[in-house]
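The residues making up each chain are set out below.
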Amino acid sequence: MPRRSIHELHMPNVCSPFQCVVVVEDQASQAKDKCHLNHFSSLVLAITLCTLHVKVSDLEGKIVGLLFAANWYPPCRAFTQLLVGIYEELKSSVPQFEIVYVSSDEDLDAFNSYYENMPWLAIPFSDLETKKALNRKYDVEGIPCLIMLQPSEESNKDQDTTLRDGVELIYRYGIQAYPFSKEKLEQLREAEREKRDNQTLANLLTNRHRDYVLGHAGLKQVPVASLVGKTVGLYFSAGWCVPCMKFTPKLISIYQKIKHELAEKGEEDFEIVLISSDRDQASFDSYYSTMPWLALPFGDPEIKNLARHFDVQGIPCLVIVGPNGKTITAHGRNLINLYQENAYPFTNAQVEQLEKKLEQEAKDLPRLVYHEGHHHDLNLVSDGNGGGPFICCVCDEQGSSWAYQCLQCGYEVHPKCVKNCGT
């Protein structure tokens, strides 16, 4: 998730009689060093429910998450919504868990609006010293940030048990990450490694309730077993996503070209399965109706498992699984953009061959061109002389290796886009 620098935040010194109070009994300078659970002894925390106060002694022995966030930043709002569901589910069965909100809201009204949707505790908006001390203590550089503090015990008093990547843990593992300890994190990572080592198409796409994916013609059921031995693209996408709507027509065209070339060889070794993030059945039906390939059913529980397994950070994303059920690449989208249908079967050997071909073709490209979409001349660059990964200013897709670049302002385009648009 993208994050804003905490150093950009403005926190005005505002007091309010309507919010709870944090009383700092020691000097503010001491607060910096008193931020672990048993180091909160100088603070009294309270929640915004009349005058109900929650003392620090009530937090002793609990796992506490410090949520650094702000109402004005959309990724914070999205993460908070997810965290609320996990918090409420945990609190119903695990009372020894708590969260404390550390606000970076711009004003009191924003704090009130944001915090009223949170079921946990908060540092009052007016208590700047405590919020600054917590930010310094945990070196918070971006929001949202979730710091997980473990209860102090004699056995680990000399160990750093603090987890600083709570946001990533929640997004990746959800409630499974509880109790948010380093030991639990290692268990989850080990389970992921084992799953990757034992990965097959069947254990990726099926569960005990379903052994098929959807095809067209009345959403017929296509057995996952029929896909075993093929190269399969898992297409994470959604109809509400603008980049997806731009990439999907291109992918359809490339898919049909690959299928046509394979059919001419008497082969049927490639397929794509839509892994939808659409928000309702009607949206899924409408989006999927434009596609010629297969799909997981809308709302299937394996969708979240697959996104977590492949660490999908954004859509569209095209993961390529080989005939042996192992992952070939998670960068299928980039390969499609760079090499179109020639990217198939997406293996390292194929990519290396294409890169060599591109290097050879680049020798015949003009070193300087004028592009109608830009007012400066463009220079041919590569990884070794000022180039590298970039977003093409014509097609808005990623590129690498060779590009035409404006040395004055950084404007970059694919060589193929220069040819398509004229020079």
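Given the structure is predicted, the values throughout are model-derived calculations rather than measurements.

(A) Spotlight on the overall build of the chain. Tallying secondary structure elements over the chain gives 13 helices and 22 strands in all. The proportion of buried residues among the 423 residues of the chain is 48%. Put simply, 61% of the contacts in the chain that link residues at least 6 apart link residues at least 24 apart. In the structure as shown, the chain presents an accessible area of about 21100 Å², 50% of it carried by carbon and sulfur atoms.

(B) Representation of the pairing of strand 18 (residues 377–381) within the structure. As defined by bridge partners, strand 17 (residues 368–370) adjoins strand 18 across 3 bridges and the pair is classed as antiparallel. Directly across from leucine 368, in strand 18, lies its bridge partner asparagine 379. Across 3 bridges, the pairing between strand 18 and strand 21 (residues 403–405) is antiparallel. Its bridge partner lying in strand 21, leucine 380 is registered against tyrosine 404.

(C) Structural detail: the packing of helix 8 (residues 242–264) against helix 11 (residues 332–339). Across the interface, helix 8 lies against helix 11 with an axial gap of 11 Å and an inter-helix angle of 65°. The hand of the helix 8/helix 11 crossing is left-handed. Contact residues: helix 8 offers Pro243, Phe247, Lys250, Leu251 and Ile254, while helix 11 offers Arg333, Ile336 and Asn337. Classifying every residue of the contact of helix 8 with helix 11 gives 5 nonpolar, 1 polar and 2 charged.

(D) Structural detail: helix 5 (residues 166–173). Judged by how many residues are buried, helix 5 sits mostly within the fold: 6 of 8 residues are covered. On its buried side, helix 5 packs onto helix 2 (74–91), strand 9 (145–149), helix 6 (182–197) and helix 10 (302–309).

(E) Focus on helix 6. Compared with the 22 Å implied by 1.5 Å per residue over 16 residues, the 22 Å span of helix 6 between its first and last C-alpha is a close match. Every buried residue of helix 6 is accounted for by Leu185, Leu188 and Glu192. For helix 6, the angular spread of the buried residues around the axis is 65°, confining them to a single face. In helix 6, the exposed positions that point more than 90 degrees away from the buried face belong to Glu183, Gln187 and Asp197. Tucked into the core, helix 6 has its buried residues touching helix 5 and helix 10.

(F) Highlighting the nonpolar core. With 51 residues, the main nonpolar core has Leu66, Leu67, Phe68, Phe97, Tyr101, Trp120 and Phe180 as its most contacted residues. Among the elements that line this core, the one with the most residues is helix 2, at 7 residues. In this view, tyrosine 101 contacts Leu67, Ala69, Ala70, Asn71, Phe111, Tyr114, Tyr115, Met118, Trp120, Leu121, Ala122 and Ile123; residues no more than four positions away in its chain are not counted. Cys241, Ile254, Tyr287 and Ala295 belong to the second-largest nonpolar core, a separate cluster that totals 29 residues.

(G) Molecular detail of the pairing of strand 6 (residues 97–103). Burial runs high along strand 6: 7 of the 7 residues are buried. Residues of strand 6 alternate between two faces, with Phe97, Ile99, Tyr101 and Ser103 on one and Glu98, Val100 and Val102 on the opposite face, all of them buried. The pairing of strand 5 (residues 63–69) with strand 6 spans 7 bridges and is parallel. For valine 64, the partnering residue across the bridge sits in strand 6 and is glutamate 98.

(H) The arrangement of the sheet that holds strand 18 in detail. Read across the sheet, 4 strands follow the order 17-18-21-22 without closing on themselves; strand pairing throughout is antiparallel. Two strands close off the open sheet at either side, each with one partner strand: strand 17 and strand 22 (412–413).

(I) Fine view of the packing of aromatic side chains. Summed over all chains, the structure comprises 22 aromatic pairs. Here the aromatic rings of tryptophan 72 and tyrosine 73 are separated by 5.6 Å at their centres, their planes lie at 45°, and the arrangement is tilted. Among the residues examined, tryptophan 72 registers a relative accessible area of 23% and is labelled partly exposed. On the basis of relative accessibility, which here comes to 11%, the residue tyrosine 73 falls in the buried class. Note on phenylalanine 79 and tyrosine 171: the rings are 5.4 Å apart at their centroids and 50° apart in plane angle, and the pair reads as tilted. Pair noted here: phenylalanine 79 is in helix 2 and tyrosine 171 is in helix 5, with a separation of 92 residues, a long-range link. We classify tyrosine 171 as partly exposed; its relative accessible area is 33%. An aromatic cluster is defined as three or more aromatic residues linked by ring pairs; in this entry it consists of Tyr235, Phe247, Tyr255, Phe270, Trp293, Tyr344 and Phe346.

(J) Layout of the environment of cysteine 417. Structurally, cysteine 417 can be placed in helix 13 (residues 415–421). Take cysteine 417: its relative accessible area is 4%, and that puts it in the buried class. On a C-alpha basis, the gap between cysteine 417 and cysteine 393 in space is 9.2 Å, while along the polypeptide they are 24 residues apart. In contact with cysteine 417, not counting residues within four places along its chain, are His371, Cys392, Val394 and Cys395.

Parameters and conventions
- Residues numbered from 1 in each chain as written.
- Predicted model: local features only at pLDDT ≥ 70, side-chain atom pairs only at ≥ 80, totals over all residues.
- Heavy atoms only, no water.
- Helix = DSSP H or I, 4+ residues; strand = E, 2+ residues; numbered from the N terminus.
- Buried < 20%, exposed > 50% of the residue type's maximum accessible area, 1.4 Å probe, protein only.
- Contact = heavy atoms within 4.5 Å.
- Areas by Shrake-Rupley, 256 points an atom, 1.4 Å probe, with all protein chains shown as cover.
- Pairing = 2+ DSSP bridges.
- Axes fitted to C-alpha atoms, helices over the stretch in contact; angles between N-to-C directions.
- Left-handed = near helix turned anticlockwise from the far one by under 90°.
- Nonpolar A, V, L, I, M, F, W, Y, C, P; charged D, E, K, R; others polar.
- Expected span 1.5 Å × (residues − 1).
- Arc of directions from axis to C-beta.
- Core = buried A, V, L, I, M, F, W, Y, C linked by side-chain atoms within 4.5 Å.
- Phe/Tyr/Trp six-rings, centres within 6.5 Å; stacked < 30°, edge-to-face > 60°.

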